[in-house]
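Letter by letter, the chains look like this.
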Amino acid sequence: MDIKICLRCKQNKPSSDFYKHSCRKDGLQAICKECSRQVVNTQHRTNPDRYRLEAKRYYEMNKDRLQEEGRKKYYHNKQKRRQQRDKIKEEVLSHYGNGQLSCIKCNFRDIRALSLDHIRGDGNEEKRRLHKVGIDLYIYLKKNGYPEGYQTLCMNCQFIKRFERREYNQWKPKKMI
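The rules behind each value
- Residues numbered from 1 in each chain as written.
- Predicted model: local features only at pLDDT ≥ 70, side-chain atom pairs only at ≥ 80, totals over all residues.
- Heavy atoms only, no water.
- Salt bridge = Lys/Arg side-chain N within 4 Å of Asp/Glu carboxyl O.
- Helix = DSSP H or I, 4+ residues; strand = E, 2+ residues; numbered from the N terminus.
- Buried < 20%, exposed > 50% of the residue type's maximum accessible area, 1.4 Å probe, protein only.
- Phe/Tyr/Trp six-rings, centres within 6.5 Å; stacked < 30°, edge-to-face > 60°.
- Lys NZ or Arg CZ within 6 Å of the ring centre and 35° of its normal.
- Arc of directions from axis to C-beta.
- Contact = heavy atoms within 4.5 Å.

Asker: Got a minute to help me understand the pattern of salt bridges in this structure?
Answerer: Pairing between side chains of opposite charge can happen when their charged atoms approach one another. As enumerated under the stated definition, the model contains 11 salt bridges in all. With a closest N to O distance of 2.6 Å, Lys-142 and Glu-91 form a salt bridge. Taken as a pair, Lys-142 in helix α5 (residues 135–143) and Glu-91 in helix α3 (residues 63–96) lie far apart in primary sequence, 51 residues in all. Judged by its relative accessible area of 36%, Lys-142 is partly exposed.

Asker: Looking at this model, I keep getting lost on the packing of aromatic side chains. Mind explaining?
Answerer: The relative placement of two aromatic rings is captured by the distance of their centres and the angle of their planes. Inspection of the entire model under this criterion finds three aromatic pairs. On the basis of an interplanar angle of 85° and a centroid distance of 5.1 Å, the ring pair of Tyr-74 and Tyr-75 is categorised as edge-to-face. A relative accessible area of 42% means that Tyr-74 is categorised as partly exposed. Of the residues examined, Tyr-75 reaches a relative accessible area of 55% and is grouped as exposed. Put simply, the rings of Tyr-96, Tyr-146 and Tyr-150 pair up and form one aromatic cluster. When the ring centre of Phe-18 is taken as origin, the NZ or CZ atom of Lys-4, which lies over that ring, is 5.4 Å away.

Asker: Help me understand helix α6 (residues 155–164) in this model?
Answerer: Owing to its 3.6 residues per turn, the α-helix aligns residues three or four sequence positions apart on the same side. Every buried residue of α6 is listed here: Cys-157, Gln-158 and Lys-161. End-on, the buried residues of α6 take up no more than an arc of 105°, which puts them together on one face. Among the exposed residues of α6, those pointing more than 90 degrees away from its buried face are Asn-156 and Phe-163. Next to the buried residues of α6 lie β5 (114–118) and β6 (150–154).

Following this line, the structure appears as structure tokens:
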């Protein structure tokens, strides 16, 4: 392993701590990666308009290529994102299902029909307050240490509970004239 001295911080560092630079004799930049990042961050903070303008120009010159790369990256990672969402949903529903991925009332286990139920029936108010639904709500609950007030129910048990508590009055269909 080669050792090189950073010209900025004056420390001996391995050559892997330096970015490549083809014009230099040793093929490496004169300052280490850490110092290089500090320099760039300082420049960006002191003159942000310049860097915004450069980024905009670069995007305009390379728009088609960048958009195509973005599309490829999106479709390449689509399956991975779906797996991450499913994993989070499974964790949250298992937690609120008393450690099992099943309805707490009838023990139904098909995740496609399991959902999170607000025990107090205040889901609409919470949606308005938190602005979180679906996977965003699951992530919120996980990050906040699984607060109380939720349970895992299958859709059948959820609709039965809704009917028995007369929670269906929150949504009223339009009357036909």
